[in-house]
Amino acid sequence: MSFELTFASDAVEVLEDSIAFKGYFQMRRLTLRHRLFGGGWSEPLTREVFERGDAVGVLPYEPETDSVILIEQFRPGALRDPATPWMLELIAGVVEAGESDIEVARREAAEEAACELAELVPIASYYPSAGACSEHVRLFCGRVSSAGVGAVHGAAAEGEDILVHRVPRLEALELLAQDRIPNGHTLVALQWLQLQGDTLRQCWCR
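The structure contained in this document is the topic of the report that follows. Please read these numbers as outputs of a predicted model, since none were measured by experiment.

Definitions and limits used
- Residue positions within a chain follow its written sequence, with the count starting from 1.
- Local features in this predicted model are restricted to residues whose pLDDT is 70 or higher, and side-chain atom pairs enter the listing and the counts only when it is 80 or higher, whereas totals over whole chains, interfaces and linings include all residues.
- Remark: hydrogens and water are excluded; side-chain values derive from all non-hydrogen atoms of the structure.
- Numbering of helices and strands starts at the N terminus; helices are DSSP runs of H or I of at least 4 residues and strands are runs of E of at least 2.
- Note on exposure labels: buried denotes an accessible area under 20% of the residue type's maximum, exposed denotes more than 50%, and partly exposed covers the range between, all computed with a 1.4 Å probe on protein chains only.
- Using protein atoms alone on a 1 Å grid, points that fit a 1.4 Å probe yet trap it form a cavity, whereas open point sets bounded by protein on both sides within 12 Å along at least five of seven lines form a pocket; residues with an atom within 4 Å of a point count as lining.
- Grid points are joined across faces, edges and corners, and a volume is the space filled by probe spheres set on the points.
- Classes in brief: Ala, Val, Leu, Ile, Met, Phe, Trp, Tyr, Cys and Pro nonpolar; Asp, Glu, Lys and Arg charged; the others, Gly included, polar.
- Only buried Ala, Val, Leu, Ile, Met, Phe, Trp, Tyr and Cys residues count toward a nonpolar core, and they belong to the same one when joined by side-chain atoms within 4.5 Å.
- For this analysis, residues touch if any pair of their heavy atoms sits within 4.5 Å.

**Thoughts on the side chain of Arg169**
No. 1: Counting through the fold element by element, Arg169 comes out in helix α2 (residues 169-177).
No. 2: Residue classification places Arg169 among the buried residues on the basis of a relative accessible area of 7%.

**Looking at the layout of surface pockets**
No. 1: The space that makes up the largest pocket amounts to roughly 1,300 Å³.
No. 2: Around the largest pocket, the lining is made up of 37 residues, and of these Tyr24, Phe25, Arg52, Arg75 and Val94 lie nearest the centre.
No. 3: Of all elements in the fold, only β3 (45-51), β5 (67-74), β6 (86-89), β7 (91-94), α1 (101-113) and α3 (184-204) reach the threshold of two or more residues within the lining of the largest pocket.
No. 4: When residues in the lining of the largest pocket are grouped by element, the largest group, four residues, is from α1.
No. 5: Here the residues of the lining of the largest pocket sort into 15 nonpolar, nine polar and 13 charged.
No. 6: Considered as a void within the structure, the second largest pocket measures approximately 390 Å³ in volume.
No. 7: Lining the second largest pocket are 14 residues, and of these Leu30, Leu32, Val49, Ala130 and Gly131 lie nearest its centre.
No. 8: With four residues, the single largest contributor to the lining of the second largest pocket is strand β2 (residues 26-34).

**A closer look at the nonpolar core**
No. 1: Ranked by internal contacts, the top residues of the largest apolar core, which has 23 residues, are Leu59, Val68, Leu139, Cys141, Leu190, Leu193 and Leu200.
No. 2: Mapped onto this core, the elements with two or more residues apiece are β4 (55-62), β5, β8 (116-126), β9 (137-146), α2 and α3.
No. 3: At six residues, the largest contribution of residues to this core is made by α3.
No. 4: When residues no more than four places from it in sequence are discounted, the contact partners of Val68 are Leu59, Pro60, Tyr61, His165, Arg166, Val167, Ala172 and Leu193.
No. 5: In this structure, Val58, Ile69, Ile71 and Ile162 belong to the second largest nonpolar core, which totals 16 residues.

Here it is as C-alpha cells:
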C-alpha cells in the first residue's frame, strides 16, 4: 500500500511573483492561494521565499580504513552558536546550470578536500526548510580513492578556508549520538551511514 499526499502542484495558484531582494542570495515575494483540506481555497497569502539554488552533498567514505572524510569550515549562519560558528560537515555545493548531480559531487569533492571519488551511491533528497527556502538537496555517499587529509583547501575566490579530516566511522557516529553534528546535511548522511555502513563496507571491500 503506497501513501499519496492529498494535493498536487495544481492546487496552488501564484497571483504575484516579484524579487524582494537580490544580493549574494535572492529573495522572492510571492502572493498565492492554495486549496484547503476542508474544501475551497485559502485567502491570498504573501510569503518571502529564500532562493539559493539546489545543492548536492557527498559523504566520502573510505572502506579500507572504515572512515569518513569530513571538512571543517566557518559558517556565518551559525554565528549565534555560543560555542563556535565552525562546523564539521560533509562536502556540498550548489548545482550550476547544465551540471549533473554527479558532476557537482565530484567537483566539490576535488575543490573542498582534494578528494577523488571512485563511485557514488544515493542517500536521500529533501527540502531542508520548505517553509522559507526553495532549496532542494540531493545527498550521496562516495567511495574515496584519495583525499587531502590534514591540508587546507577550498576556492580562494569564494573565500573558502577548509580543513580536511579523516574521522573513523564509529567516532563520527559517536559525535552524532552526542548531538555534536549541528549541520543538517551531515546529520542526515551519518544517520544513513549508521544504517547502511556495514553493508556498504562489505560491498566496497570486495
